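# Examining the three-dimensional arrangement
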Amino acid sequence: MSIQEVRVVNLPDIPDTVGEALLYDICHTLGIKDITTVRTAKVYRFEGIDVNTARVIADRLLSESLYQKFSINKPILMDGEVVEVAYKPGVMNPEAASILKSAADLGVQGLQAADSSREYAFYGPGAVRENIEKVLQKLLVNDIVERVVNRKPKTLIMEGRPGVTVTIPVRKMDDSQLIELSRDKLFLNIDEMRVIQRYFMELGRDPTDCEVETLAQTWSEHCGHKTFRADLVVNGQRKVPLLKRLQEATRNSANPLVLSAFVDNSGVMAFYDGWAICGKVETHNSPSAIEPYGGAMTGSGGVFRDVMGTGRGARVIVSTDMFCFAPPTLDTGEVPPGCLHPKYLLRKVVAGVRDYGNRMGIPTNNGSVHFHEDFRAKPSVIVGAYGIMREDLCRKGSPDPGDLAVVIGGRTGRDGIHGATFSSGEMTDRTIDVNSSAVQIGNPIEEKRASDALLEASERGLVKAVTDCGAGGFGSALGEMGQETGVQVWLERAPLKYPGLSPWEIWLSESQERMVMAIDPANWEKVSEICRSYNVEAVVLGAFTGDKRLKVIYNGETVCDLDMDFLHDGLPQRVLEACWKPPEAGCAVPGPPGDWAEAFLKVMAHPDVCSKEPILRMYDHGVQGSSALPPLAGVDGDSPNDAVVIAPVYGKDFGMVVSHGLNPALNNINPYYGSLWAATEAVSNAVAVGAGPENLCLIDNFIWPYPDSESLGALDMAVDACADFVGATGMPFISGKDSLSSTYRNSGTLIKIPPVLCVSAFGRIEDIKKTVSADFKKCGSVIALVGKRDSTEMAGSVYCKMAGATGANLPRIDLKVLKEVFGDLHTAIAGGNVLSCHDISEGGLAAALAEMCFGGGMGCMVSIEDSDVPEEFLYNETAGNFLVELSEEKSVKELFGNVPCRIIGKTIPERMIKVFRGGKELFKIETEALREAWKRPMREVFGS
Amino acid sequence: MKPRVCILRTDGTNCDMETFQAFKMAGAQCSMVHVNQLRSGEDSLSNYQIIALPGGFSYGDDVHSGKILAVELTSFLKEGLQEFVDSGKPVIGICNGFQVLVRTGLLPERKMGDIRCTLMNNDSGRFECRWINLKVEESRCIFTRGMTGQTISIQVAHGEGKFYAGREQMELLENDSRVVFRYSTENGDPTMDYPYNPNGSLNAIAGICDSTGLVLGLMPHPERFVSVYQHPNWRRGAIDYPHGLLVFKNAVDYCRGM
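Residues numbered from 1 in each chain as written. Chains lettered and ligands numbered in written order. Predicted model: local features only at pLDDT ≥ 70, side-chain atom pairs only at ≥ 80, totals over all residues.

A tally of helices and strands in chain B yields seven helices and 11 strands. Taken against the 2.2 N^0.38 rule, which gives 18 Å for 258 residues, the C-alpha radius of gyration of chain B at 17 Å falls within 12% of a compact globule. Overall, chain B is about 50 × 40 × 35 Å in size when its C-alpha atoms are taken along their principal axes. Per-residue burial over chain B gives 64% buried out of 258 residues. Counting contacts in chain B only where the partners sit at least 6 residues apart, residues at least 24 apart contribute 74% of the total. (Helix = DSSP H or I, 4+ residues; strand = E, 2+ residues; numbered from the N terminus. Rg over C-alpha atoms; globule rule 2.2 N^0.38 Å. Buried ≥ 20, exposed ≤ 12 C-beta atoms within 10 Å, placed from the backbone. Contact = placed C-beta atoms within 7 Å.)

The next point concerns the sheet that holds strand β21 (residues 549–554) of chain A. Residues and elements named next belong to chain A. Taken in spatial order, the seven strands of this open sheet run β17-β19-β15-β20-β18-β21-β22, and their pairing is mixed. Since the sheet does not close on itself, it has two edges, and those belong to β17 (465–468) and β22 (557–563), each with one partner. Neighbouring strand axes in the sheet, compared pairwise and without regard to direction, differ in orientation by 20° on average. Looking at chain direction, strand β18 (residues 487–490) and strand β20 (residues 538–544) are connected through three bridges and run antiparallel. When the bridges of β20 are listed, V487 appears paired with F544. Across the sheet, helix α7 (residues 209–218) lies against β21 and β22, angled at about 35° from β22, the strand it touches most. (Pairing = 2+ DSSP bridges. Axes fitted to C-alpha atoms, helices over the stretch in contact; angles between N-to-C directions.)

Time to look at the pairing of strand β12 (residues 315–325) of chain A. Residues and elements named next belong to chain A. Along β12, 10 of the 11 residues are buried, which leaves the element largely enclosed by surrounding structure. When β12 meets strand β14 (residues 380–390), the two strands line up antiparallel, connected through nine bridges. Directly across from V316, in β14, lies its bridge partner G387. Relative to strand β13 (residues 364–371), β12 runs parallel, the two sharing seven bridges. Paired with C324 across the strands is H370, a residue of β13.

Buried accessible area, meaning the area lost when the parts come together, often serves as the stated size of an interface. The interface of chain B with chain A comprises 47 residues on the first partner and 52 residues on the second. If you list the elements that add at least two residues to the side of chain B that touches chain A, you get α1 (16–25), α3 (67–76), β5 (117–120), β6 (128–136) and β7 (151–158) of chain B. When the residues that make up the side of chain B that touches chain A are grouped by side-chain class, the tally is 16 nonpolar, 18 polar and 13 charged. (Nonpolar A, V, L, I, M, F, W, Y, C, P; charged D, E, K, R; others polar.)

Okay, the domain arrangement of chain A next. For chain A, the domain assignment lists domain 1 (3–149) and domain 2 (160–239 + 397–426 + 463–571). Domain 1 of chain A and domain 2 of chain A are separated by 39 Å when their C-alpha centres are compared. (Domains from an automatic or database assignment.)

Hydrogen bonds between backbone groups are what pair the strands of a sheet, and the pairing can be parallel or antiparallel. Residue and element names in this part refer to chain A. As summarised here, the arrangement of the seven strands in space is β35-β37-β34-β38-β36-β39-β40, forming an open sheet in which the pairing is mixed. Strands at the two margins of the open sheet, each flanked by one partner only, are β35 (836–839) and β40 (920–926). The sheet shows a mean angle of 20° between the axes of neighbouring strands, direction not considered. Sheet analysis places strand β36 (residues 859–864) next to strand β39 (residues 912–917), joined by five bridges and oriented parallel. Opposite V862, over in β39, you have V915 as the bridge partner.

Take the packing of helix α24 (residues 671–689) of chain A against helix α27 (residues 815–830) of chain A next. Each pair of packed helices can be summarised by the angle the axes make with each other and by the distance between the axes. Residues and elements named next belong to chain A. Viewed as axis vectors pointing N to C, α24 and α27 meet at an angle of 15°, and their least axial separation amounts to 10 Å. It follows from the interaxial angle that α24 and α27 lie roughly parallel. Regarding α24 and α27, the two cross each other, and that crossing is left-handed. The segment α24 lies against α27, with T680, V683 and V687 engaging L818, F822, L825 and H826. A class-by-class count of the residues in the contact of α24 with α27 yields five nonpolar, two polar and no charged. (Parallel < 35°, antiparallel > 145°, perpendicular 65-115°, else oblique. Left-handed = near helix turned anticlockwise from the far one by under 90°.)

Take the environment of S863 of chain A next. For S863 of chain A, the position within the fold is in strand β36. Through-space distance from the C-alpha of S863 of chain A to that of G905 of chain A is 5.9 Å; in sequence the pair is 42 residues apart.

Further remarks concern unusual backbone geometry. The linkage connecting L107 of chain B with the following residue, P108 of chain B, adopts the cis geometry, with an omega of 0°. A cis amide bond, omega 0°, links Y194 of chain B with the succeeding residue P195 of chain B. In this fold, P195 of chain B is placed in the loop between β9 (179–184) and β10 (205–209). The phi torsion at H225 of chain A lies on the positive side, around 50°, for a residue other than glycine. Here H225 of chain A lies in the loop between α8 (221–224) and α9 (226–229).

In this section: the nonpolar core. Residue and element names in this part refer to chain A. Among the nonpolar cores identified, the biggest contains 374 residues, and A405, L849 and L883 are the most heavily contacted of them. In terms of residue count, the dominant contributor to this core is α24 (12 residues). Residues lining this core come from more than one domain, with at least three contributed by each of domain 1 (3–149) and domain 2 (160–239 + 397–426 + 463–571). With residues near it in sequence (within four places) discarded, L849 still touches C860, V862, L883 and I913. (Core = buried A, V, L, I, M, F, W, Y, C linked by C-beta atoms within 7 Å.)

This is the structure we're talking about:
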């Protein structure tokens, strides 16, 4: 039977919001002004049913006659230039499964396959081929996952014959052949390739493709953290491996709250009343660089699964996102070949995070966006997730021999093959072509179902161990879970999205939304029943043995048989040379601005400072009903808070705080002090809302250029900074991730990102009622500046960046004083003495003041002392400094007598910021003007 | 006896826990019920006095928001649901639940399969999450007893919330006092202005009920404001009670009086 096509459009008098949004972009992003209208139609295709049945489905499911009409097997968009955009075959369209389900619910029989796509019709004098090509290329079609449909497909059913397992003759390869085998695929170096060769020589056989791929992904930088485990020689001196340094610092902190650090899929700390909370922050830079929507989606989905797969199963309660891009205003000509424009990337990445988090029902409520032109080849896309579980279920479980290896959730397709190895390699202009299979479109509903089922199984004590299928797929999940026992896998049992996968592809596919559990055979029926009740597919894929071997069988044929010890410990430890050279310091501080008010406006409009409200509005930050301090508040609901506080256990007053800090620009100047700044900023954000410093744990994310000796030198300094921070404050890192491949290389062009250390802080708060927001509360309050800073340390600040000043005098945070400041500020807030508090970061004291004014619907007067340089006073960005609103002057000494503190001004009813120096007014400016400048940049990017 | 509430969920429901909590605080006894349990006969709607359809993205909101679940309910639970509402038991649909109610026909005419109004893409074309003001209209609705005339603060979080119906149906809803909530300014004046009216709903309609006042559907999330500390500005001292809780209490009180 042929394919039936149903097309659905809105009636003419009903707005077509999809068309309107595209038209806005055509006009504003592409600058094409004479396309006047865009109309869209949804296209549905069905295989296996007749035209009458298609009509029933169209009438009862696809089209709503109140405002839509449909056509069957004929066009519906008339006159204009019509193009259809669909997912490529093999990219699973999540909507197809829903259509099949619903058709079955309607009693439709015989339907074999369904698909959906969208048609666009362009009208107006500009609706010509050339312009439409541009629209397709720049806005509508990402070649990685999408295509233009030119003719009706013959079939929707994907067919394929399973590939065979190939033996790779590594034993007789010379070095150049080994390198050729590794290139673009395995991403291993020659030493590592030789170790593999030697192993199989000793075994007296050649490996299968499955074995080579398994080794490559387990030994990838992504999974093996080779750089972080390597012995380092820094400027000729041997130093402890980076990972060990961090872990030792955590151990030495002996923080009693730590329940699980660096051993599980996320770090776990104690909460209250028998609960534990956990956190994990991941990066998804490589996929997001080539397919930002799918890349960001799978980033979110992956980090949620990390939390779900912690202990014996956790519930995800917070999602965070931190991004670094090139400025959205970047000239198109500056975008390197093989890369996408930052504005497109930003919007698509936000859409990916939005669609995954919102649909899973996880509040995305903490995040930031940072800009630097050296992110133009490869952005940094950082996504975090936090969870809660019973304390008795919070430690990583382990299987016993005889336990079943059960996989639940989504099916396996050819998605993300080589994701682990791909993200460990440098990006080149070949990246998009060679690695397009590394991206897929996530299905958050699949993951939500799996989460519902997992939590019930966990609650009922049926889960012995659980982990997610992330990078490396089954291979990585089972290889790790069975490390101590050994595991045997029957690969043909894996449910597939479509036929035709080779065994090694099934084994290493990174299809999302899959979890692996170890289940006692006696409990399998119960687990199976739970999964069925949530519409979750579950199969027994294998069993844990006792022979410490990783054995994979496909239809009776052994396709992989490796020693667990060789797999996990066979990787040779690297010895790496590191050497960091300070950058040449350019001109120092730019001096005072010509026009004070104008400078203030410019700082507020700088992309690092400006309001990110349009992004936040698209995230459901209120779902789960747990919010106790939202990301935005204040009289107009647009004033940002430093951290988010949630109360995840209903009816209880205790809460959880989440915050973060990063500053790539500072790391470019000095990675040690830049990293101290990041950690200080993360913690300052949490303390500013009322968190106690003794109740916080940290997560590190290093996103670095490819570690040549110079970048490695910078990394070494950043890790030292982290260890020193832990030593001085007692706050431990309990989870972390490194992604060391953010270098772009293409015939003569070399672009390294500014090194990013993102520090996330999370912790517990005894009483959410004792927390504060950043909006000014009352007129006539005293504003105090609390914290130590040398305001001449201006390098890396927004003020300097705007003037092109590139000095080396960056903020050097004094950790000893910092600890005192954190302690005293916490005591003041917990004692109910602080009306509002805001931490100083990008944009300095001036930006912080402005945001507090916006939230309070009022203004302030500020006095700068004669000894201060006004532009330094206003725009210095030393972290660990706070603006604190207090009712009365005398409390300042009582609360902050032991730490650096001064009264800088007071709040006033007029919506003005007035700045005085030496008793004379230096300048004044209306807060409305500042707010307008602060809101405009992201409004322009997101068209809101 | 505490009234029993069926929190009806399925794949992609994600406001079930907070809806459960809201009814619990209001004095009800709640059960999480997956639609599969009703389809298989393992549980029955007749075991409950109230049905709540929570927010979320049922089946990913594929095709139209709430549509796949609406088709499922219409195909398999038509009689059970019709009996439930015909016997005078309250039903509330919040956000995605509202979308499901209009796509089953339970709103506005309390008749399964009779679809008279819809919720379509926000005029902004975007999903949006923000706190807005709602004017509580004088209506038949039992969920808003004692709230009439108030302006309440509440969060919306949706991409498909623009209420739309034909002219006759709109007139019927207006004349029959079935408009329960309208998007409004701080002063309680209904408005079409964005972002006060976050989606462009006709007549600023945020929630409606059926002719008995027992079936309520609304886009905003009252279950997210059942404790003072959930409001973004409780620290500013302007909030003396959680505005959403009364909606749930009214339903519970109504059942107690039955």
